[in-house]
Amino acid sequence: MKADEFDLSTFLPYRLALLSRAVQSLLSSALDECGLTVAQWRVYLCLVRNGPSTLNEIVAFTRLPQSSLSRSIARMDERGLVRSGRNPEDRRRSVIAITPAGRRQLAKAIAAVNRTCDGALSLAPEERARFGTTVEYLIDRLAAYTPAAD
């Protein structure tokens, strides 16, 4: 195939990048309603899924840079949405946990994200299930080809 015959509309990596940007934009607008950033959303998801976590554990879960996560967590801590305390097993390390106020904000954010995504995507339940299966399949397949993050 010649370079001038290359069709981006059928090039899967390009199409996935477009989808990712569109979904991130949609997510960001829904979270704005709740006073949250995407980074703070990911912190919440980590803490709800894994319980109290160290900064390194949150970095591994969210795949976001430690410096931006530190700032996000500090802002959340100032607002009483998370709390930072010493790890009882290793007093040199901090553990971050979600607070009741954080759980209330997360519940509002989940409702806003669901409302926004449901309105924008308008997928029937069987379409959503098929798409979810396809996404999981792609994630699993790509994991075999993606070098582990340090």
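Our subject is the structure that appears above.
Please read all numbers here as calculations on a predicted model, not as lab measurements.

Draft legend 1. Structural view of the packing of aromatic side chains. If you walk through the whole model with that rule in mind, you get 1 aromatic pair. Both rings, one in Phe6 and one in Phe11, keep their centres 5.0 Å apart while their planes meet at 65°; by these two values the pair is edge-to-face. Note on Phe6: relative accessible area 42%, which makes it partly exposed. Take Phe11: its relative accessible area is 34%, and that puts it in the partly exposed class.

Draft legend 2. Molecular detail of helix α3 (residues 55-62). Within the sequence span of α3, burial applies to Leu55, Ile58 and Thr62. Each buried residue of α3 sits inside an arc of 60° when the element is viewed along its axis, so together they form one side. One or two positions beyond α3, positive phi appears at Arg63, with a value near 60°.

Draft legend 3. Local environment of the packing of helix α2 (residues 38-50) against α3. At a minimum axis separation of 9 Å, α2 and α3 run at an interaxial angle of 110°. Between α2 and α3, the crossing angle belongs to the class labelled roughly perpendicular. Facing Arg42, Val43, Leu45, Cys46, Leu47, Arg49 and Asn50 of α2, the residues of α3 in contact are Glu57, Ile58, Phe61 and Thr62. Tallied by class, the residues present in the contact of α2 with α3 amount to 6 nonpolar, 2 polar and 3 charged.

About the criteria used
- Residues numbered from 1 in each chain as written.
- Predicted model: local features only at pLDDT ≥ 70, side-chain atom pairs only at ≥ 80, totals over all residues.
- Heavy atoms only, no water.
- Phe/Tyr/Trp six-rings, centres within 6.5 Å; stacked < 30°, edge-to-face > 60°.
- Buried < 20%, exposed > 50% of the residue type's maximum accessible area, 1.4 Å probe, protein only.
- Helix = DSSP H or I, 4+ residues; strand = E, 2+ residues; numbered from the N terminus.
- Arc of directions from axis to C-beta.
- Axes fitted to C-alpha atoms, helices over the stretch in contact; angles between N-to-C directions.
- Parallel < 35°, antiparallel > 145°, perpendicular 65-115°, else oblique.
- Contact = heavy atoms within 4.5 Å.
- Nonpolar A, V, L, I, M, F, W, Y, C, P; charged D, E, K, R; others polar.

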